[in-house]
Amino acid sequence: MAEVELPITYRGTVYPWQCDHMGHMNVMWYVGKFDEATWHVFASLGLTPSFLRQHDRGMAGVQQNISYKRELRAGDILAIRSGILEMREKVIRFFHEMRNEETDEISAVTVLTAVHMDTKTRKSSPFPKEILARGRQMIVEYDLGI
């Protein structure tokens, strides 16, 4: 199977204040950077901030698993690439791969599950058909290694 080129959904730098007492980027910053990438994944599906506001819709994370592979330190530059693993009527399962851009080593991988919801009723809601179809076209196979 040919390797799929995943889209870059985030680029950034590790700043000194993001590091813990051991000199590594603290886990809270991994989660934050993954979260920023998540909104780019949603936008690529058509779940843009304006769409969500105009249709009283939202996305709720229900599960996240992170595997830390290599430390990142102050000054490291990183990129996150993302892909969709599964798209169901109301649920999306996707992943982010964080790499050190200088060494090309994977620093961390996360798998997330999110539910599409109606923000007025606070209940899960089916994705619009066009978003569901787009998401299913974007599904990739990926060895999570976690």
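Definitions and limits used
- Residues numbered from 1 in each chain as written.
- Predicted model: local features only at pLDDT ≥ 70, side-chain atom pairs only at ≥ 80, totals over all residues.
- Heavy atoms only, no water.
- Helix = DSSP H or I, 4+ residues; strand = E, 2+ residues; numbered from the N terminus.
- Contact = heavy atoms within 4.5 Å.
- Buried < 20%, exposed > 50% of the residue type's maximum accessible area, 1.4 Å probe, protein only.
- Arc of directions from axis to C-beta.
- Phe/Tyr/Trp six-rings, centres within 6.5 Å; stacked < 30°, edge-to-face > 60°.

J.: Describe the side chain of Thr113, naming the residues involved and giving the relevant values.
T.: Tracing the backbone shows Thr113 in strand β5 (residues 106–118). Not counting residues up to four positions away in its chain, the partners in contact with Thr113 are Ala60, Gly61, Val62, Gln63, Val91, Ile92 and Arg93.

J.: Can you explain helix α3 (residues 129–137)? Please cite residues and give values.
T.: Looking only at α3, the buried set comprises Ile131, Leu132 and Gly135. An end-on view of α3 places all buried positions within 100° of arc, on one side of the element. In α3, those exposed residues whose orientation departs by more than 90 degrees from the buried face are Lys129 and Gln137. The inward-facing, buried residues of α3 abut α1 (27–45), α2 (49–54) and β3 (77–87).

J.: Describe in detail the packing of aromatic side chains, supporting the description with residues and values.
T.: Each aromatic ring pair is characterised by the separation of its centres together with the angle its planes make. For the structure on display, the rule yields 5 aromatic pairs. Here the aromatic rings of Trp39 and Phe42 are separated by 5.3 Å at their centres, their planes lie at 90°, and the arrangement is edge-to-face. In this pair, Trp39 and Phe42 are both assigned in helix α1, 3 residues apart and thus about one turn of the helix distant. Since its relative accessible area comes to 39%, Trp39 is described here as partly exposed. Judged by relative accessible area, which is 3%, Phe42 ranks as buried. Here the aromatic rings of Phe95 and Tyr142 are separated by 4.1 Å at their centres, their planes lie at 10°, and the arrangement is stacked. Note that Phe95 is positioned in strand β4 (residues 91–100) and Tyr142 in the segment after α3, a separation of 47 residues in sequence. The class of Phe95 is buried, set by a relative accessible area of 0%. On the accessibility criterion, Tyr142 (23% relative accessible area) is partly exposed. Through pairs of rings, three or more aromatic residues link up here, namely Trp39, Phe42 and Phe94.

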